[in-house]
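Examining the three-dimensional arrangement
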Amino acid sequence: APGWTAGNSDGLMGRLFLEYVEAETVHCCAACGTHLAAHDQIVSKAFQGRHGRAFLFASCLNVNDGPPEKRLLLTGLHIVADIYCNACDTRLGWKYLEAYEEGQKYKEGKFILEKSMTLKEDDYRSREAEAAAEAEQCRAEASEDDAMMLDSPDASPERSGAEAASEQDGAERRHRVTGARTAGQALPAAHDAEVGAHVEQLQQRGGANN
């Protein structure tokens, strides 16, 4: 169809084949940005989809059809097939295959694209640019926080549980050794005092006997 050009992929070896719309305003998949339809292909904006407002397009590319099914819509019974984005498999709306009422025959072969599932290409690019800028700002702030933590005098690597236990055990051993040394130093002095007192008692007894 006029206004459509093939993409760079060739569809071989499992590679995805997408087509691109050459138009001033292009409607894209809101999830991945794949081109779907030119704005001038809109037949009507007065439709209702599963998730709110929907547009009826005369043509649509880069979609694949689900199985056909009878569906009772607001305007009567139709045979339709849900349509999915070729790139990300998002359900975008449906295709009219057959209308049972004569006044609805004009829909046959046309496509419903739900407004909540699509974006104009300029809006999609703006949204992606804003998201990229926010992500970059978050990365910058995280880097600044990490740098501040490294510069902090209180910053030190966290010790493992084994290291903390080993240090505590060493402190307890040092405390026991110090206590033993202190007790060992006090013992001779106490012993000498006790011996001196005993000798003095013996001398006193000896003097009394004399």
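In what follows, the structure referred to is the one given above.
Summarised in this report is the structure supplied together with it.

Conventions adopted
- Residues numbered from 1 in each chain as written.
- Predicted model: local features only at pLDDT ≥ 70, side-chain atom pairs only at ≥ 80, totals over all residues.
- Heavy atoms only, no water.
- Salt bridge = Lys/Arg side-chain N within 4 Å of Asp/Glu carboxyl O.
- Helix = DSSP H or I, 4+ residues; strand = E, 2+ residues; numbered from the N terminus.
- Buried < 20%, exposed > 50% of the residue type's maximum accessible area, 1.4 Å probe, protein only.
- Phe/Tyr/Trp six-rings, centres within 6.5 Å; stacked < 30°, edge-to-face > 60°.
- Lys NZ or Arg CZ within 6 Å of the ring centre and 35° of its normal.
- Pairing = 2+ DSSP bridges.
- Axes fitted to C-alpha atoms, helices over the stretch in contact; angles between N-to-C directions.
- Patch = residues over 30% accessible without salt bridge, like charges linked within 9 Å, V, L, I, M, F, W, Y side chains within 5 Å.
- Areas by Shrake-Rupley, 256 points an atom, 1.4 Å probe, with all protein chains shown as cover.
- Lys, Arg positive; Asp, Glu negative; His and termini not counted.
- Charge placed at Lys NZ, Arg CZ, Asp CG, Glu CD.
- Core = buried A, V, L, I, M, F, W, Y, C linked by side-chain atoms within 4.5 Å.
- Contact = heavy atoms within 4.5 Å.
- Disulfide = S-S within 2.5 Å.

**Here we look at the pattern of salt bridges**
Throughout the structure, instances matching the rule amount to 8 salt bridges. Here Glu121 ties to Arg125 by a salt bridge, and the two come within 3.0 Å at their closest N and O atoms. Within this pair, Glu121 and its partner Arg125 are both found in helix α1 (residues 121-151), separated by 4 residues, close to a single helical turn. The class of Glu121 is buried, set by a relative accessible area of 18%. Salt bridges here are not isolated pairs; linked through shared partners, they connect Arg50, Glu69, Arg71, Asp82 and Arg91.

**So, the packing of aromatic side chains**
Applying the stated rule across the entire model yields 2 aromatic pairs. Summarising the aromatic geometry, the rings of Phe55 and Phe57 are spaced 6.5 Å apart at their centres and angled 45° between planes, so their arrangement reads as tilted. Assigned by exposure class, Phe55 and Phe57 land together as buried. When the ring centre of Phe55 is taken as reference, the NZ or CZ atom of Lys45 above it lies at 5.7 Å. The side chain of Arg71 reaches across the aromatic face of Trp94, ending 5.7 Å from its centre.

**Here's the deal with the pairing of strand β8 (residues 69-73)**
In the sheet, β8 pairs with strand β9 (residues 76-85) via 5 bridges, with the strands oriented antiparallel. For Glu69, the partnering residue across the bridge sits in β9 and is Val80.

**Section: the sheet that holds strand β12 (residues 118-120)**
The strands making up a sheet associate through backbone hydrogen bonding, with each pair oriented either parallel or antiparallel. Strand order in this open sheet of 3 strands is β4-β3-β12, and the pairing throughout is antiparallel. Looking at strand neighbours, the two that pair on one side only are β4 (35-38) and β12, the edges of this open sheet. Going from strand to strand, the sheet's axes swing by 30° on average, the running direction of each strand aside. Of the pairings in the sheet, the one linking strand β3 (residues 26-29) to β4 comprises 3 bridges and is antiparallel in character. Residue Val26 lies in a different strand from β4, and its bridge partner there is Ala38.

**Concerning a positive patch on the surface**
Residues Lys45, Arg53, Lys115 and Lys120 make up a contiguous surface patch of positive charge. As for its position among the elements, Lys45 is in strand β5 (residues 42-49). Look at Lys45 and you get partly exposed, because its relative accessible area is 39%.

**Examining the nonpolar core**
Counting residues in hydrophobic clusters, the biggest one holds 13 residues, and the most contacted among them are Leu36, Phe57, Cys60, Val63, Ile83, Leu92 and Leu113. Broken down by secondary-structure element, the contributors of at least two residues to this core are β4, β6 (52-57), β9 and β11 (111-114). In contact with Ile83, not counting residues within four places along its chain, are Val63, Asn64, Asp65, Thr90, Arg91, Leu92, Gly93, Trp94, Lys95, Phe111, Ile112 and Leu113. Core analysis: the second largest hydrophobic core is formed by 8 residues, Phe47, Leu73, Trp94 and Ile112 among them.

**Focus: the pairing of β5**
Judged from the 5 bridges that link them, β5 and β6 form a sheet pairing that is antiparallel. What sits directly across from Gln48, in β6, is Arg53. The hairpin turn running from β5 into β6, its antiparallel successor, is 2 residues long.

**Thoughts on the state of the cysteines**
According to the stated counting rule, one finds 0 disulfides in the structure shown. For the unlinked cysteine Cys88, the closest cysteine sulfur is that of Cys29, found at 3.6 Å. Overall, the relative accessible area of 31% leaves Cys88 in the partly exposed class.

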